[in-house]
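Fold and contact review
These are the residues of each chain, in order.
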Amino acid sequence: MTRDDLRQYLEFYRDLGLKEIYNLAPAIPRSARPAGDSIAPTSRGRDAAGAVIPPIAPSGDSLLKIVEDIGDCRRCRLSEQRSKIVFGSGDEHARLVLVGEGPGADEDAQGLPFVGRAGQLLTQMIDNTASKEGIPIRRADVYICNVVKCRPPENRTPLPDEMEICGEFLFRQLMAIRPKAICALGSTAAKALLATKDGVTRLRGTWHKWRDIPLIVTYHPSYLLRPYNQNAKREAWEDLKKVLHYVYD
Ligand code: URA
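Reference entry: report on the structure contained in this document. Treat the numbers as computed from the prediction; the structure is a model and nothing was measured.

Structural notes on the overall build of the protein
In terms of regular secondary structure, the protein is built from nine helices and eight strands. Expressed as a percentage of the 249 residues in the protein, the buried residues total 47%. In the protein, the proportion of contacts linking residues at least 24 apart, taken out of those at least 6 apart, comes to 70%.

Focus on the packing of helix α4 (residues 117-132) against helix α9 (residues 230-248)
Between α4 and α9, whose axes approach to 10 Å, the crossing angle comes to 55°. By the angle between their directions, the pair α4 and α9 is classed as oblique. For the pair α4 and α9, the crossing hand works out as right-handed. When α4 is examined against α9, the residues L121, M125, I126, T129 and A130 are found in contact with a partner set consisting of A236, W237, L240, K241 and L244.

Considerations on the pattern of salt bridges
What the rule picks out here adds up to 13 salt bridges. Note that R74 is salt-bridged to D72, the shortest N-O span being 3.2 Å. Exposure class is identical for R74 and D72. Each is exposed. Residues participating in the shared-partner salt-bridge network are D61, K65, D69 and R172.

Observations regarding unusual backbone geometry
Look at E154: it is not a glycine, yet its phi comes out positive at around 55°. The exposed category is assigned to E154, whose relative accessible area is 74%.

Some details on the nonpolar core
Membership of the largest hydrophobic core comes to 61 residues, with the highest contact counts inside it found for L96, L98, V99, L193 and W210. The leading source of residues in this core is helix α5 (residues 160-177), at eight residues.

Observations concerning the environment of Y219
Secondary-structure assignment places Y219 in the loop between β8 (213-218) and α8 (221-225). By relative accessible area, which is 8% here, Y219 ends up buried. As for Y219 and A184, which are separated by 35 residues in sequence, their C-alpha atoms are 8.3 Å apart. Once residues within four sequence positions are removed from consideration, Y219 is found in contact with L185, G186, V200, T201, R204, L224, A232, E235 and A236. Polar side-chain contacts of Y219 include one of 2.8 Å to the side chain of E235.

Quick word on the packing of α5 against helix α6 (residues 187-194)
At a minimum axis distance of 10 Å, the contact between α5 and α6 shows a crossing angle of 75°. As the angle between them shows, α5 and α6 are arranged roughly perpendicular. The residues of α6 that touch α5, namely those facing M163, L170, F171 and L174, are T188, K191, A192 and L193. Looking at the contact of α5 with α6, its residues break down into six nonpolar, one polar and one charged.

Examining the side chain of D127
Relative to the elements of secondary structure, D127 occurs in helix α4. A distance of 3.2 Å separates the side chain of D127 from the side chain of R138, its partner in a polar contact. Within the structure, D127 has its side chain in polar contact with the backbone nitrogen of R139 (distance 2.8 Å). With near-sequence residues (within four places) excluded, D127 lies in contact with R138 and R139.

Remarks on the sheet that holds strand β4 (residues 96-100)
Strand order in the open sheet formed by six strands is β3-β5-β4-β6-β8-β7, and the pairing between neighbours is mixed. The open sheet has two edge strands, β3 (89-90) and β7 (208-210), and neither has a second partner. Judged from the four bridges that link them, β4 and strand β5 (residues 143-146) form a sheet pairing that is parallel. Across the sheet, residue G100 finds its bridge partner in β5, namely N146. The strands that α6 touches are β4, β6 (181-185), β7 and β8; relative to β6, the one it contacts most, it runs at about 135°.

Comments concerning the site of the ligand
Near the ligand you find G100, E101, G102, E107, P113, F114, N146 and H220, and these make up its full shell. At a separation of 2.8 Å, an oxygen atom of the ligand approaches a polar backbone atom of E101. A distance of 2.7 Å separates an oxygen atom of the ligand from a polar atom in the side chain of H220. Burial of the ligand by the protein amounts to 93% of the accessible area it has alone, namely 240 Å². Of the residues assigned to the shell around the ligand, the class counts are two nonpolar, four polar and two charged.

Thresholds, definitions, all that
Residues numbered from 1 in each chain as written. Predicted model: local features only at pLDDT ≥ 70, side-chain atom pairs only at ≥ 80, totals over all residues. Heavy atoms only, no water. Helix = DSSP H or I, 4+ residues; strand = E, 2+ residues; numbered from the N terminus. Buried < 20%, exposed > 50% of the residue type's maximum accessible area, 1.4 Å probe, protein only. Contact = heavy atoms within 4.5 Å. Axes fitted to C-alpha atoms, helices over the stretch in contact; angles between N-to-C directions. Parallel < 35°, antiparallel > 145°, perpendicular 65-115°, else oblique. Left-handed = near helix turned anticlockwise from the far one by under 90°. Salt bridge = Lys/Arg side-chain N within 4 Å of Asp/Glu carboxyl O. Core = buried A, V, L, I, M, F, W, Y, C linked by side-chain atoms within 4.5 Å. Polar contact = N/O pair within 3.5 Å; in protein donor to acceptor, adjacent residues only side chain to side chain. Nonpolar A, V, L, I, M, F, W, Y, C, P; charged D, E, K, R; others polar. Pairing = 2+ DSSP bridges. Near = heavy atom within 4 Å. Areas by Shrake-Rupley, 256 points an atom, 1.4 Å probe, with all protein chains shown as cover.

What follows is the structure, given as structure tokens:
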């Protein structure tokens, strides 16, 4: 393992919220391991500089396995008041994943992401932009999920420990889907995926990366619902156009 590989492994575990790692190298010789042992990486991507991106999900991971691992989650306080866990919806093989902040009241009741007013706007934005741009996709063709899977009380912003705990599952979702691009909706998603304190205004308009996957940041649809945000609406449409063309052209 090169120094770069090691650095990337450590960054990966840090992103998962692990503070201590005792033994990175498998102690059991490969030949003595049972078939299907998940220590060995199955798919190793490379970043732009050719460095190996470490696997960041258990081998053979799938959305179904992640749902099973989440189970009837009680890992943080958000579980106390939720009705339903909102895992995500859309195509497991989507080329584009959009990530929001966390479920609201409608999502909590239905167990599906972005089904309330902000969700209706998001659906319109995806469907109308794709149709105007001649891109043959609709909302059901992308995958949509949130940083936290349970509704924060009073729709407050998720707290850092809640984001950290649930972030493990978001990262696994992203690695299981391995989309061509990610769109972070709002500053909470940007913070979770880019480990930045910068706001959307500063982050939007250019490409970023989550691991080796190109990522664009745009405004959260709830923000666009406020009446005085004409400029932001126009910019959000531009962002969506950009990411749709990148992914589907
Ligand atoms: N806002 C979000 O961030 N996610 C949802 O699913 C709904 C509203």
